[in-house]
Amino acid sequence: VLFNWIFAFDTAYLPLEIRADYAAVGILGKVVFFAASMSVPMMFARIAHSKDEAQKKLYMNLAYGFGILAGLGLTGIFYFFGTDLVSLIYGGKYMSIIPVLPIYSMGATAYALGLARLNYKISQGLYKSWLVLLPVAIIQAVALTMFKPDLEFAITLQTIVLMFTGILLVVTKEDSNNQAKL
């Protein structure tokens, strides 16, 4: 639940009048998230069976590379064809989400890559980095509750949360004593 808190429970903290628009952005963001994270399971099998650290690093970098390509590819599609996609998918009902789709999809990409790194760390017996998710989820819930945001503020906050968390999960290192460090 904690891995998906940022995506799953954020809508509950929003004013009723923007929940539908926010959910429309969130659905398309999840498409980007899953596209950006699809290469990870394939690479994990290779990483798990590799004894060579250089090969493990190569496979992890390939997973990141494919994730970045998928995420940025969909970001570009949202940027250039957002109007057409929103019209096709939602029948033109949520046209207000078009300006925020590209930046939100970049946040979803960063979060997907961060969770890929987190899953890799967990597979190596390193568990401290996941603790990053708890304070971020709490800060997100408090900010959405306190500020009663409009759609633009909510999407901006969510994008910052996704990017910050994703980047933090990628750059946080743990040693063999399971100590998390930046």
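See the structure shown above.
Note that the coordinates shown come from a computational prediction; the quantities given were computed from them, not determined experimentally. (Residues numbered from 1 in each chain as written. Predicted model: local features only at pLDDT ≥ 70, side-chain atom pairs only at ≥ 80, totals over all residues. Heavy atoms only, no water.)

Nonpolar side chains in soluble globular proteins generally cluster together in the buried interior. Counting residues in hydrophobic clusters, the biggest one holds 36 residues, and the most contacted among them are Val-25, Tyr-90, Ile-97, Leu-101, Leu-115 and Ile-155. Counting only elements with at least two residues in this core, the list comes to helix H2 (16-37), helix H4 (53-90), helix H5 (101-123), helix H6 (133-147) and helix H7 (151-171). Ignoring sequence-local partners within four residues, the contact set of Val-25 consists of Ile-97, Val-100, Leu-101, Tyr-104 and Ile-155. Within the second largest apolar cluster, 10 residues are counted, among which are Val-40, Tyr-59, Ala-63 and Leu-113. (Core = buried A, V, L, I, M, F, W, Y, C linked by side-chain atoms within 4.5 Å. Buried < 20%, exposed > 50% of the residue type's maximum accessible area, 1.4 Å probe, protein only. Helix = DSSP H or I, 4+ residues; strand = E, 2+ residues; numbered from the N terminus. Contact = heavy atoms within 4.5 Å.)

At their nearest, the axes of H5 and H7 sit 7 Å apart, and the two run at 30 degrees to each other. Classified by the angle their axes make, H5 and H7 are roughly parallel. Every pair of crossing elements has a handedness; the one defined by H5 and H7 is left-handed. Its residues placed into classes, the contact of H5 with H7 shows 14 nonpolar, six polar and two charged. (Axes fitted to C-alpha atoms, helices over the stretch in contact; angles between N-to-C directions. Parallel < 35°, antiparallel > 145°, perpendicular 65-115°, else oblique. Left-handed = near helix turned anticlockwise from the far one by under 90°. Nonpolar A, V, L, I, M, F, W, Y, C, P; charged D, E, K, R; others polar.)

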